[in-house]
Amino acid sequence: MPALLEAAGLAHRFGAIPALAGVSLSLRRQEILAVVGESGSGKTTLLNVLSGRLMPDEGEVLCDTGDGLRSLARLGAPALRLLQRTRWGFIQQDPRASLRLDITAGGNIGERLMATGARHYGRIRAAAAEWLAAVEIDTARLDDLPRHFSGGMLQRLQIAATLVTGPELVFMDEPTGGLDLSVQARILDLIRSLVRRLGLAVVLVTHDIGVARLLADRLIVMRAGRIVETGLTDQVLDDPHHACTQLLVSSVLPA
Amino acid sequence: MIGYNFAYLDEHTKRMIRRAILKAVAIPGHQVPFAGREMPLPYGWGTGGIQVTASVIGQDDVLKVIDQGADDTTNAVSIRRFFALTAGVRTTTSTEAASLIQTRHRIPETPLRAGQIIVFQVPMPEPLYRIEPSRAAARRRHALADYGAMHVKLYEDITRFGRVAVAYDHPVMVNHRYLMSPSPIPAFDNPKLHLSPALQLFGAGREKRIYALPPFTDVRSLDFEDHPFHPGRAPHACALCGATASYLDEILVDDRGSRRFVCSDTDYCETRRSGLLPSGAG
């Protein structure tokens, strides 16, 4: 099966700090890949590089844009932006960073549609209502401002606003970080069912082993910008080889 | 006037502004930065428009200046006098007779003809500024023709008010490429921008930007397929000349709240009342 996203020999430095060093990976369609590691291990940098938000110092990201694998760096800014707006999605830890808080929930969901040429108010609104329901928010809140939403609802709104264009690949940066534990469980449940139903490929960054175990097919463990261990999620978590992975696994509090 | 160059600005400045204007005409709707000068009037009173006018005006020009349609308000009178003094050009209040029109927030009712130049005073040239606070990011959106976010604002209006509630400065797409602020003209005037035979120049003094619409440029107001653009107008006839198709000002006439509606374009109204109906009268 051909890869949806491939990275080869990625390296990136922030001054003297090597955030990424020799990272290579491959992601297939409908596959959920979790990137775990301690703080400052380069997880988020990797996510930014893979999603084209950051150009790496070295190495290349290849993506399938419908006609075979192509280099992200040579795609050009308009094509990259279109890719990020339609076939890709990015879910941030803090939904306030990607949502417009002074625009209604419907407007937020509709923004990606309008950015890609939708010009029919009725249809945009219908799609927004449909997605609001899909993320389990009462459709009566369609015309409410996100600033009146709770943290969990904001995160669900961000998911709806991202998935409305039917992306095939979604990048998630700690999607449940900063949420209350019970809310976390509901969001995870929602993400899991949506991802399976829509057949999305996901690159998920998290430092929460529980989230990775629940969602991911495959796992990458990072430390100091390098991949130290990779494999199927259960395999890595049940039989961690690298000292860093063992530490991560053992640091989980028993439920 | 002794001691001053023709039309106030020195020739180097005029050439610099003309270069910006040429660039703006070559790329309709694109904002060209220019080194705006301090002018002898405050920002917001037409410093951009007056510099553009000073750069294109010639000895044979006949100048008309309007402020919200009127030829007789402070801003219009003083800018007209300014050029009469510093350039010695003939001035007029007649749209027909003028070769150069500087305007604040209106387009005359009398259709403009080929050969005329209209100069708009622009307070905020960036149509994306409410959507995209970063000017660098806004320029990037212009470069990539990435204007979807502008429709979010229209979506919000329809959601809250049932219609697009932009009464003035309704954004337009120029030549199917650049999103442009038409300056705060009423939405009523937006259709006049489309395929106008006159050259339309826009000057923003505080923001130091010039943009332009060459004659016969395609200019479309943003809208939705199921909520088409609607140029608004008060549903009345002019109390003075009886016009039913002109843009009206609402005027309070006493302290009991009585009001009447009169043409905002004073030249159009006076011409109609003098019995010389201008072409396109309604």
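Numbering of residues starts from 1 in each chain and follows the order in which that chain's sequence is written. To read the labels, note that chains go from A and ligands from 1, taken in the order they are written. The model is predicted, so local features are restricted to residues of pLDDT at least 70 and side-chain atom pairs to those at 80 or more, both for listing and for counting; the totals for chains, interfaces and linings are taken over all residues.

## Quick word on the overall build of chain A
The helix and strand tally for chain A stands at nine helices and 10 strands. Our exposure labels follow a C-beta count within 10 Å of each residue's own C-beta, placed from the backbone: buried means 20 or more other C-beta atoms, exposed means 12 or fewer, and partly exposed covers the counts in between. Sorting the 255 residues of chain A into buried and exposed places 44% on the buried side. Under the scheme used here, helices are H or I runs from DSSP no shorter than 4 residues and strands are E runs no shorter than 2 residues, and both carry numbers assigned from the N terminus.

## Section: the overall build of chain B
A count of helical and extended segments in chain B gives seven helices and 12 strands. The globule rule used for comparison is 2.2 Å times the number of residues to the exponent 0.38, while the radius of gyration itself is calculated over C-alpha atoms. Taken against the 2.2 N^0.38 rule, which gives 19 Å for 282 residues, the C-alpha radius of gyration of chain B at 19 Å falls within 12% of a compact globule. Oriented by its inertia axes, the alpha-carbon framework of chain B measures out at about 60 × 50 × 35 Å. A burial count over chain B gives 47% of its 282 residues as buried. For chain B, the proportion of contacts with a sequence separation of at least 24, taken over those separated by at least 6, is 61%. What counts as a contact is two residues whose backbone-derived C-beta atoms lie within 7 Å of each other.

## Digging into the pairing of strand β7 (residues 169-173) of chain A
Residues and elements named next belong to chain A. Summarising burial for β7: five of the five residues are buried, a large majority. Covered by surrounding structure in β7 are L169, F171 and D173 together with V170 and M172, the residues of both alternating faces. Pairs of strands are assigned from DSSP output, requiring at least two bridges between the strands. By the bridge criterion, four bridges tie strand β6 (residues 88-91) to β7 in an arrangement that is parallel. Residue pairing across strands places I91 opposite M172, the latter belonging to β7.

## A closer look at the packing of helix α1 (residues 11-26) of chain B against helix α2 (residues 47-56) of chain B
Residue and element names in this part refer to chain B. Packing of α1 against α2 leaves a shortest axis separation of 9 Å and a crossing angle of 100 degrees. Looking at the two axes, α1 sits roughly perpendicular to α2. Residues K14, I17, R18 and I21 of α1 touch α2, and the partners they reach there are Q51, V52, A54 and S55. Throughout this entry, Asp, Glu, Lys and Arg are counted as charged residues, while Ala, Val, Leu, Ile, Met, Phe, Trp, Tyr, Cys and Pro are counted as nonpolar. The remaining residues, Gly among them, count as polar. Each residue belonging to the contact of α1 with α2 can be placed in one class, and the counts come to four nonpolar, two polar and two charged. Interaxial angle, 0 to 180 degrees, is taken between N-to-C directions of lines fitted to C-alpha atoms, where a helix line uses only the stretch in contact. What sets the label is the angle itself: under 35 degrees gives roughly parallel, over 145 gives roughly antiparallel, 65 to 115 gives roughly perpendicular, and the rest give oblique.

## Considerations on the environment of A7(B)
All names here are of chain B. With respect to the helices, strands and loops of the structure, A7 is situated in the segment before α1. Judged by C-beta crowding, with 24 C-beta atoms within 10 Å, A7 ranks as buried. Between the alpha carbons of A7 and I50 there is a distance of 9.7 Å; along the sequence they are 43 residues apart. Apart from the residues within four sequence positions on either side, A7 is in contact with A54, I57, F83, T86 and A87.

## As for the environment of T233(A)
Relative to the helices and strands, T233(A) is located in helix α8 (residues 233-238). Leaving out residues up to four positions away in the same chain, T233(A) has contacts with A34(A), A212(A), R213(A), A216(A), D217(A), R218(A) and L219(A).

## Remarks on the interface of chain A and chain B
On the chain B side, the residues contacting the 18 residues of chain A number 14 residues. Those elements that place two or more of their residues in the side of chain A that touches chain B are α2 (77-85), α3 (105-115) and α4 (121-134) of chain A. If you tally residues by element for the side of chain A that touches chain B, the top one is α3(A), at six residues. A class-by-class count of the residues in the side of chain A that touches chain B yields seven nonpolar, seven polar and four charged.

## Topic: the nonpolar core
For this entry, the nonpolar core is defined as buried Ala, Val, Leu, Ile, Met, Phe, Trp, Tyr and Cys residues connected by C-beta atoms within 7 Å. Counting residues in each nonpolar core, the largest one holds 138 residues, and the members touching the most others are L33(A), A34(A), V35(A), A160(A), L204(A) and I210(B). With seven residues, helix α5 (residues 151-163) of chain A is the single largest residue contributor to this core.

## Some words on the pairing of strand β11 (residues 248-252) of chain B
All names here are of chain B. When β11 meets strand β12 (residues 259-263), the two strands line up antiparallel, connected through five bridges. Looking at the pairing, E250 lines up with F261 of β12. What sits between β11 and β12 in their antiparallel hairpin is a turn of six residues, with G257 showing a positive phi close to 85 degrees.

## Description of the sheet that holds strand β2 (residues 17-28) of chain A
Residues and elements named next belong to chain A. Sheet architecture is open: four strands sit in the order β2-β1-β4-β5, paired in antiparallel fashion. The open sheet has two edge strands, β2 and β5 (69-71), and neither has a second partner. Direction aside, the axes of adjacent strands within the sheet are offset by 20 degrees on average. For strand β1 (residues 3-14) and strand β4 (residues 58-64), the ladder comprises five bridges, and the chain directions are antiparallel. Across the sheet, L5 pairs through a bridge with C63, a residue of β4.

## Looking at helix α9 (residues 243-250) of chain A
Residue and element names in this part refer to chain A. Within α9 the residues assigned to the buried category are C244, T245 and L248. Projected down its long axis, α9 carries its buried residues within an arc of 95 degrees, all on one side. Along α9, exposed side chains directed more than 90 degrees from the buried face belong to A243, L247 and S250. Next to the buried residues of α9 lie β3 (32-37), α7 (209-215), β9 (218-223), β10 (226-232) and α8. Read the arc as the range of directions from the helix axis to the C-beta atoms.

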